[in-house]
Amino acid sequence: MNVATAYRWRKQLVWGLALIIAGTVILLAQTDVLDIDLNPAHFWRWWPWLVVISGVTKIIPPTTSRYFTEGWWEIFFAGWWYVSFNHLWGLGFGQTWPALIVAWGVGMMLRPLLDNIFPPSIKEQA
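The structure presented is a predicted model; accordingly, all values stated were derived computationally and were not measured.

## Here we look at the overall build of the protein
Line of reasoning, step 1. Scanning the protein from N- to C-terminus turns up 5 helices and 0 strands.
Line of reasoning, step 2. Overall, the protein shows an N-to-C arrangement of helices and strands of α-α-α-α-α.
Line of reasoning, step 3. Taken over the C-alpha trace, the protein has a radius of gyration of 18 Å; the compact-globule value for 126 residues is 14 Å, which it surpasses by more than 25%.
Line of reasoning, step 4. Per-residue burial over the protein gives 29% buried out of 126 residues.

Right under this line is the structure:
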C-alpha cells in the first residue's frame, strides 16, 4: 500500500470517527443526558477542532515527513486560533501572533530531520 492510499484510508477513518462522536454528543444533548448548549450561534467557536481532526489524519502513520509537519502545523494553528479568539488565559491575537513565526521556524527545522525518519514517497523517489 502506498502512502497516498494509506492517507486516504486514515482520513476516512478519522473523519468517520469524528462524525460518530459528534452525532453521539448531539444526540445525548438532545435527550438531556448531557447539559451542552447547542445554540447554533455558538458552534463557530468550535470550528478549530475541525482543523485539529484534519491535522490528526496527517500524523497517524504510515506517513511522510511532509504530511507529519503539515499535520502538526494544522493542530498548532487550530490551538493558537482557539486560544487567541476565545481570549483564554487573557491572550488575544495581538499577544500570540509571534507564536506562529516560532512554529513556522520549528517546522522548517524539523522537515529535513524527519526526512531521515520517514520513508520517501514514490513522488520523492522519482
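## Considering the UniProt feature "transmembrane region" (unreviewed entry) in the protein
Line of reasoning, step 1. Using the residue numbers shown here, the UniProt feature "transmembrane region" (unreviewed entry) corresponds to residues 12-31, 43-60 and 96-114.
Line of reasoning, step 2. With 95% helix and 0% strand, the stretch residues 12-31 has end C-alpha atoms that lie 28 Å from each other.
Line of reasoning, step 3. Within the segment residues 96-114, helix and strand shares are 100% and 0% respectively, and the terminal C-alpha atoms sit 27 Å apart.

## Some remarks on helix α3 (residues 65-85)
Line of reasoning, step 1. End to end, α3 covers 30 Å across 21 residues, agreeing with the expected 30 Å (1.5 Å per residue, within 8%).
Line of reasoning, step 2. When we look at burial in α3, the residues that qualify are Ser65, Thr69, Gly71, Glu74, Ile75, Ala78, Trp80, Tyr82, Val83 and Ser84.
Line of reasoning, step 3. Buried-residue contacts for α3 involve α2 (48-59) and α4 (93-115).

## Quick look at the nonpolar core
Line of reasoning, step 1. With 5 residues, the main nonpolar core is built from Val51, Val52, Ile59, Ile75 and Ala78.
Line of reasoning, step 2. For this core, the secondary-structure elements that each account for two or more residues are α2 and α3.
Line of reasoning, step 3. When residues of this core are assigned to their parent elements, the largest contribution, 3 residues, is made by α2.

## A look at the side chain of Ser54
Line of reasoning, step 1. Along the polypeptide, Ser54 turns up in helix α2.
Line of reasoning, step 2. Within the structure, Ser54 has its side chain in polar contact with the side chain of Glu74 (distance 2.7 Å).
Line of reasoning, step 3. Those residues in contact with Ser54 that lie beyond four places of it in its chain are Trp15 and Glu74.

How each quantity is defined
Residues numbered from 1 in each chain as written. Predicted model: local features only at pLDDT ≥ 70, side-chain atom pairs only at ≥ 80, totals over all residues. Heavy atoms only, no water. Helix = DSSP H or I, 4+ residues; strand = E, 2+ residues; numbered from the N terminus. Rg over C-alpha atoms; globule rule 2.2 N^0.38 Å. Buried < 20%, exposed > 50% of the residue type's maximum accessible area, 1.4 Å probe, protein only. UniProt positions renumbered as here; feature names shortened; annotations may be inferred. Expected span 1.5 Å × (residues − 1). Contact = heavy atoms within 4.5 Å. Core = buried A, V, L, I, M, F, W, Y, C linked by side-chain atoms within 4.5 Å. Polar contact = N/O pair within 3.5 Å; in protein donor to acceptor, adjacent residues only side chain to side chain.

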